Amino acid sequence: MNASEARQLPLQGLKVLELGQLIAGPFATKLLGEFGADVIKIEPPGTGDPLRKWRMLEEGTSLWWHVQTRNKRSVALDLRSAEGQKLVRQLAAEADVVVENFRPGTLDNWGLGWEALSALNPRLIMVHISGYGQTGPYRDKPGFGVIGEAMGGLRYLTGQPGEPSVRVGVSIGDSLSALYAVIGTLLALQERNRSGLGQEVDVALYESVFAMMESLLPEFDASGQVREPSGSALPGITPSNAYRCQGGDYVLIAGNGDSIFKRLMGVIGREDLANDPALAHNDGRSQQAEIIDAAIQAWTKERPRDAILQALDDARVPVGYPYTAEDIAHDPHYLAREMIQTFTRPNGKPLKVPGVLPKLSATPGRLGNGGPQLGQHTDDVLDELGIDHETRAKLRQAGII
């Protein structure tokens with residue numbers, strides 16, 4: 001990216017200090033970095049962020065690392081040492097945003113909490129991501145994304161009725177929290193434009209998941225009804241389900257719009273259902289969901305997947321099938337939308353990675369390079385702070401950096 005392109009990034013000039021590891025905090029700063037923020041990632045010397053060793057590794061480094069930490073500068077710094085804490089305070093004094101996902105109270109014990117850092121930099125925005133938030137009786141409990149998904153209500157709903165709940169397959173609780181952290185950051189920046197002052201942003205994993213639970217709570221409050229697992233269906237929204245095809249594949253059909261339902265019934269040859277006044281609207285259809293699903297299933301099981309997809313596409317009925325990674329990598333729409341990007345790894349090999357979103361028409365984000373090596377930018381960042389070579393050498397000898 002050349003200098004003129006860099007100036008077009010909407011968060012250009014924003015300095016973000018990341019005091020986090022693994023998923024939620026680093027995913028939030030990744031998004032900020034993709035739109036121009038200068039993200040300085042603090043990692044423990046010697047080991048670095050544990051994410052470096054998660055999932056599939058190549059030459060000792062996670063392939064995920066090249067997505068989660070692109071557009072960041074890595075500084076190897078011991079946060080548990082007095083000298084390291086002093087350096088972090090210097091960095092925070094010049095930062096716009098600090099993002100952290102330690103257990104509440106940890107940074108306070110190190111002299112790096114909100115009170116200490118905001119006293120040095122009243123314009124600072126400090127974003128906390130934790131399992132249960134900065135207040136409340138569960139505040140001090142450890143909490144990972146899976147626990148937030150469970151407490152937030154999601155894990156109770158996933159799976160088949162009467163069977164153990166299953167997880168979504170990705171760290172959705174962490175990623176949702178990261179999105180709320182970014183929203184909170186942008187809101188706090190907007191407020192700072194008016195007041196000149198920073199503030200804290202408090203994001204809890206379980207709350208980020210709970211916010212996705214739609215009508216779960218009001219339905220319980222009004223009726224006492226507890227929503228139960230329903231497999232691939234979506235109770236109260238009909239028809240919207242997975243249906244088995246000839247050959248054993250599955251398609252997903254969402255015919256829950258009133259006019260869409262009529263078109264779907266026409267395609268499957270069930271004009272009787274299409275014209276039934278009791279099924280004209282979703283509330284009536286939901287009362288007869290089993291009958292409707294059975295009619296659709298009777299049609300799909302006699303046809304191969306591709307024929308079903310074509311027939312419903314032609315009728316403008318929303319339809320799809322569960323994509324694998326291979327499906328995604330070769331899909332023409334993904335490619336046309338530039339959601340499959342390629343960058344060159346440090347070993348010279350190309351690697352396909354997800355593109356940048358959201359897509360801004362005038363100031364789009366940047367793909368950048370892959371994840372940095374541990375401490376790759378330590379000297380550059382400390383030099384910007386005015387820490388001379390001799391002092392850096394002493395810090396390195398002491399294991400501080």
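First things first, this report covers the structure right here in the doc. (Residues numbered from 1 in each chain as written. Predicted model: local features only at pLDDT ≥ 70, side-chain atom pairs only at ≥ 80, totals over all residues. Heavy atoms only, no water.)

A few words on the environment of lysine 141. Following the sequence through the fold, lysine 141 ends up in the loop between β7 (125-130) and α7 (145-151). When its relative accessible area of 42% is taken as the criterion, lysine 141 is described as partly exposed. Residues lysine 141 and glycine 152 lie 11 residues apart in sequence; the distance between their C-alpha atoms is 15 Å. Here lysine 141 is in contact with Arg103 and Tyr132, once residues within four sequence places are set aside. (Helix = DSSP H or I, 4+ residues; strand = E, 2+ residues; numbered from the N terminus. Buried < 20%, exposed > 50% of the residue type's maximum accessible area, 1.4 Å probe, protein only. Contact = heavy atoms within 4.5 Å.)

Glancing now at the sheet that holds strand β8 (residues 200-204). Note on sheets: strands pair through backbone hydrogen bonds, and any given pair is parallel or antiparallel. The strand order across the open sheet built from 6 strands is β5-β2-β1-β6-β7-β8, with neighbouring strands paired in parallel fashion. Where the open sheet ends on each side, the last strands, each with one partner, are β5 (72-76) and β8. In this sheet, adjacent strand axes meet at a mean angle of 20° when their direction is disregarded. Relative to strand β6 (residues 97-100), strand β1 (residues 15-19) runs parallel, the two sharing 4 bridges. Bridging across to β6, leucine 19 finds its partner in glutamate 100. (Pairing = 2+ DSSP bridges. Axes fitted to C-alpha atoms, helices over the stretch in contact; angles between N-to-C directions.)

The axes of two packed helices give the description: the angle between them and the distance between them. Between helix α2 (residues 24-34) and helix α9 (residues 172-195), the least distance of the axes is 8 Å, while the angle of their chain directions is 50°. Our classification of the angle between α2 and α9 gives oblique. Relative to α9, the crossing made by α2 is right-handed. The residues of α9 that touch α2, namely those facing Ala24, Phe27, Ala28, Leu31 and Leu32, are Asp174, Ser175, Ala178, Leu179, Ala181, Val182 and Thr185. Here the residues of the contact of α2 with α9 are counted per class, giving 9 nonpolar, 2 polar and 1 charged. (Parallel < 35°, antiparallel > 145°, perpendicular 65-115°, else oblique. Left-handed = near helix turned anticlockwise from the far one by under 90°. Nonpolar A, V, L, I, M, F, W, Y, C, P; charged D, E, K, R; others polar.)

Read across the sheet, 3 strands follow the order β9-β10-β11 without closing on themselves; strand pairing throughout is antiparallel. Strands at the two margins of the open sheet, each flanked by one partner only, are β9 (240-244) and β11 (319-320). Strands in contact with helix α15 (residues 289-300) are β9 and β10 (250-254); relative to β9, the strand with the most contacts, it is inclined by about 35°. Seen against the sheet, helix α16 (residues 305-314) touches β10 and β11 and runs at an angle of roughly 15° to β10.

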